[in-house]
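So you can see what is in the structure, the chains are spelled out below.
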Amino acid sequence: MERLDKFLCDAGAGTRSQMKQILKSGRVTVDGIVERDGSRKIDPAVHRISLDDTELRGRCMLVAMLNKPAGFVTATQDRQERTVMELLPKELLAQDVKPVGRLDKATEGLLLFTNDGDLLHRLISPRKEVPKVYYARHEGTATGEDVEAFAAGLTLGDGTKCLPAVLEPVGTGESLVTVCEGKYHQVRRMMAARNMPVTYLERQKEGPLSLGELPRGQVRLLTAEEVEMLQSYMAK
Ligand code: URA
C-alpha cells in the first residue's frame, strides 16, 4: 500500500506541489470514485487510479547494468568529460535512472542504474556492506602478508581506515579484490598502500550480480529474477 499522492507523482501526473490542486479539483478517481485525499492508501495492483479518465500505471522499478568502458565519468552531467549517461539508450534516460555509486573514469565493468531512490540508497549505504569484486592488474605480486593486511583492515597513507577486505592473488601482478565499502579510489589506494599500484581495474560483481557476458559499453535491464534476487539480498 502507498499514498495516493506519491503514486500520482511517481506515475508522472505532476509534481508534488501540483498534486494538492490536481486532487482538490476532482480530477483523480480511485475505482471510478473521485478521491481528493492524497494521504489515502492505495494498492496499485488492486485499485484502478485515473487522472481525467486516463488510467495511470505506477512507474515500475527499473534496474539496468552497464559494462562501463574506460574514459567515462560516473556523473549525470559534466562540463568537460563524457559521462556514463551518454552510454544509455534514450528509453532508459526517459525513466530517470541514476548511477548506483561510482566507478572512476579509468575503471571498467559493472555499473548499476536505477530509477528507484530507495534501492539506490540501500545499495550505496555503508551500513549494508554490499561486497563488490574487482579484478586488478598491478605492479608487483601479492604475498601472504598482503592478503593478511587486507583481511585485518588496511590503514591508508592519509590515515583512512578500511573495513576488512579480501585480496586473492590470481597470477603475477593480477588479483581479485573484494571490498564492502565505496571510499574514493578505494581499491587503487588500498593496493598502493601495499606497494602494488593498479594499472587496470574492472568491477566484476556487485552483491549477487555479475557482469557475465555483457559486452563492454553495452547496457541491459536486469531480468525479473535478478531484480528479485537483488531485493531479497538487500532485505537481509
Ligand atoms: N576502487 C577504485 O579505486 N576505483 C573504482 O572505480 C572503484 C573502486
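Summarised in this report is the structure supplied together with it.

The rules behind the values
- Residues numbered from 1 in each chain as written.
- Predicted model: local features only at pLDDT ≥ 70, side-chain atom pairs only at ≥ 80, totals over all residues.
- Heavy atoms only, no water.
- Near = heavy atom within 4 Å.
- Polar contact = N/O pair within 3.5 Å; in protein donor to acceptor, adjacent residues only side chain to side chain.
- Areas by Shrake-Rupley, 256 points an atom, 1.4 Å probe, with all protein chains shown as cover.
- 1 Å grid on protein atoms, 1.4 Å probe; cavity = no way out; pocket = protein on both sides within 12 Å on 5 of 7 lines; lining within 4 Å.
- Sits in = over half its atoms within 2 Å of the grid points.
- Helix = DSSP H or I, 4+ residues; strand = E, 2+ residues; numbered from the N terminus.
- Nonpolar A, V, L, I, M, F, W, Y, C, P; charged D, E, K, R; others polar.
- Phe/Tyr/Trp six-rings, centres within 6.5 Å; stacked < 30°, edge-to-face > 60°.
- Lys NZ or Arg CZ within 6 Å of the ring centre and 35° of its normal.
- Core = buried A, V, L, I, M, F, W, Y, C linked by side-chain atoms within 4.5 Å.
- Buried < 20%, exposed > 50% of the residue type's maximum accessible area, 1.4 Å probe, protein only.
- Pairing = 2+ DSSP bridges.
- Points joined across faces, edges and corners; volume = space filled by probe spheres on them.

### Structural notes on the site of the ligand
And step 1. Contacts to the ligand come from Leu103, Asp104, Thr107, Tyr134, His185, Gln186, Val187, Arg188 and Leu201.
And step 2. Contact distances for the ligand include 3.1 Å between a nitrogen atom and a backbone N or O atom of Val187.
And step 3. Expressed as a share of its isolated accessible area of 240 Å², the protein-covered part of the ligand is 95%.
And step 4. Judged by the proximity of its atoms to the pocket grid, the ligand belongs to the largest pocket.
And step 5. Per-element tally for the shell around the ligand: the top contributor is helix α6 (residues 186-193), with 3 residues.
And step 6. Here the shell around the ligand is composed, by residue class, of 4 nonpolar, 3 polar and 2 charged.

### Quick word on the packing of aromatic side chains
And step 1. Scanning all chains against the criterion turns up 1 aromatic pair.
And step 2. Here the guanidinium or amino end of Arg82 rests over the ring plane of Phe72, the centre of that ring lying 4.4 Å away.
And step 3. Directly above the ring of Tyr200 sits Arg137, whose terminal nitrogen or CZ lies 4.5 Å from the centroid.

### Notes on the nonpolar core
And step 1. If you look at the biggest cluster of nonpolar residues, it comprises 31 residues, and the most contacted ones within it are Phe113, Phe150, Met190 and Met191.
And step 2. Those elements that provide at least two residues to this core are β7 (63-68), β9 (108-114), β10 (132-138), α5 (144-152), β12 (174-179), α6 and β13 (198-206).
And step 3. Here this core takes 3 residues from α6, the largest share from any one element.
And step 4. Core analysis: the second largest hydrophobic core is formed by 16 residues, Val63, Leu110, Leu211 and Leu230 among them.

### So, the sheet that holds strand β3 (residues 33-34)
And step 1. Strand order across the open sheet formed by 4 strands is β3-β2-β5-β6, with antiparallel pairing between neighbours. Both outer strands of the open sheet, β3 and β6 (54-55), are each paired with one neighbouring strand and no more.
And step 2. One ladder, built from 3 bridges, connects strand β2 (residues 28-30) with strand β5 (residues 49-51); its direction is antiparallel. Bridge pairing in β5 links Val28 to Leu51.

### Topic: the layout of surface pockets
Over the atoms, a rolled probe matching the size of one water molecule traces out where space is still vacant.
And step 1. What the largest pocket holds in volume is close to 410 Å³.
And step 2. In terms of lining residues, the largest pocket is bounded by 27 residues, among which Arg102, Tyr134, Glu181, Gly182 and Lys183 are the most central.
And step 3. If you list the elements that add at least two residues to the lining of the largest pocket, you get α4 (117-124), β10, α6 and β13.
And step 4. Residue composition of the lining of the largest pocket, by class: 12 nonpolar, 6 polar and 9 charged.

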